[in-house]
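# Per-entry structural report
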Amino acid sequence: MTSLLLSLLFLLLVTMAAAEPLRPGFYSETCPPAEFIIRDLMRKAMMREPRSVASVMRFQFHDCFVNGCDASLLLDDTPNMLGEKLALSNINSLRSFEVVDEVKEALEKACPGIVSCADIIIMAARDAVALTGGPDWVVRLGRKDSLTAGQEDSNNIMPSPRANASSLIDLFSQFNLSVKDLVALSGSHSIGEARYFSIMFRLYNQSGSGKPDTVIQPGFREKLDKLCPLGGDGNVTGYLDATPRLINNQYFKELAAGRGF
């Protein structure tokens, strides 16, 4: 079921932000080695730092959920534009931009001016799942890159880490995404790590109560208390589940058992 949901998620998002119909094999004639180059460099990035593929996978949602899949997430600030890298959901959170830079450089050497950064994000996200034990699938390509970014849009659209289930369901419904799609997206947290900053409120002040989230299993909460003491370094990271290098359903099992990070 996990494989089905994850595949559904990415297949749903790949259709966003296209100027013309997307299709498989878009670069088969103009840049035949494109998908091989991306998969190879993602594999090498994972060997250097296993966490990096999870970080790259996150780019797809953070890019596509804000005005479509157009790689606007990758644009730096200019005197006339505030980029999305410093948006509330991205600052001190998104990482491994250098992996995308490395991929883009290799593609420009092989096929100058052909493969869009928007498509690179889509293919790299797919590869992150496949390389960590998840499903593999054919992606539809042909996206165009944006020349502008929307930091304000990102701040207004991206969900807060403190958002509850009801608010998330309502937000996703605005984009014609179902509860099943929301669960699939949550399942992408099967790999990688997160900062303790993201869960401090659950440990010490859930809903402004000054108390921990009662859903957290007591033994697991004690473990988190030691790793993430009140007033400690919020940038320290922890694993999202017991198998942080593998895409599987362990994340869901731990959520159901009250051990969700």
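Quick summary incoming for the structure in this document. Predicted model only: the values in this text are computed from it and were never measured. (Residues numbered from 1 in each chain as written. Predicted model: local features only at pLDDT ≥ 70, side-chain atom pairs only at ≥ 80, totals over all residues. Heavy atoms only, no water.)

This paragraph deals with unusual backbone geometry. Look at Asn-67: it is not a glycine, yet its phi comes out positive at around 65°. Within the secondary structure, Asn-67 is located in the loop between helix H3 (51-64) and helix H4 (97-110). Phi is positive for Ser-96, which is not a glycine, with a value near 70°. Mapped onto the elements of the fold, Ser-96 is located in the loop between H3 and H4. (Helix = DSSP H or I, 4+ residues; strand = E, 2+ residues; numbered from the N terminus.)

Let's shift gears to helix H8 (residues 179-187). By the burial criterion, the buried members of H8 are Asp-181, Leu-182, Ala-184, Leu-185 and Gly-187. Between a side-chain oxygen at the N-terminus of H8 and the backbone nitrogen of Lys-180 the separation is 3.3 Å; the capping residue is Ser-178. (Buried < 20%, exposed > 50% of the residue type's maximum accessible area, 1.4 Å probe, protein only. Polar contact = N/O pair within 3.5 Å; in protein donor to acceptor, adjacent residues only side chain to side chain.)

What follows deals with a nonpolar patch on the surface. There is a patch of nonpolar side chains on the surface, built from Ile-169, Val-179 and Val-183 and spanning about 200 Å² of accessible area. Given the relative accessible area of 46%, Val-179 is considered partly exposed. (Patch = residues over 30% accessible without salt bridge, like charges linked within 9 Å, V, L, I, M, F, W, Y side chains within 5 Å. Areas by Shrake-Rupley, 256 points an atom, 1.4 Å probe, with all protein chains shown as cover. Salt bridge = Lys/Arg side-chain N within 4 Å of Asp/Glu carboxyl O.)

The tally for this structure, following the rule as stated, stands at two disulfides. For Cys-31, the disulfide goes to Cys-111, at an S-S distance of 2.1 Å. Residues Cys-31 and Cys-111 are joined through a disulfide that is right-handed, its torsion about the S-S bond being 75°. Separated by 80 residues along the polypeptide, Cys-31 in the loop between helix H1 (2-13) and helix H2 (34-48) and Cys-111 in the loop between H4 and helix H5 (117-131) bring together distant segments of the chain. Take Cys-111: its relative accessible area is 7%, and that puts it in the buried class. Between Cys-64 and Cys-69 runs a disulfide, and the two sulfur atoms are separated by 2.0 Å. Classification of the bridge connecting Cys-64 and Cys-69 rests on its S-S torsion, roughly 120°, and on that basis the disulfide is right-handed. Since its relative accessible area comes to 0%, Cys-64 is described here as buried. Taken in sequence order, the bonded cysteines of the protein link in the pattern 1-4, 2-3. In this structure Cys-117 is not part of a disulfide, and its nearest cysteine sulfur, from Cys-31, lies 13 Å away. (Disulfide = S-S within 2.5 Å.)

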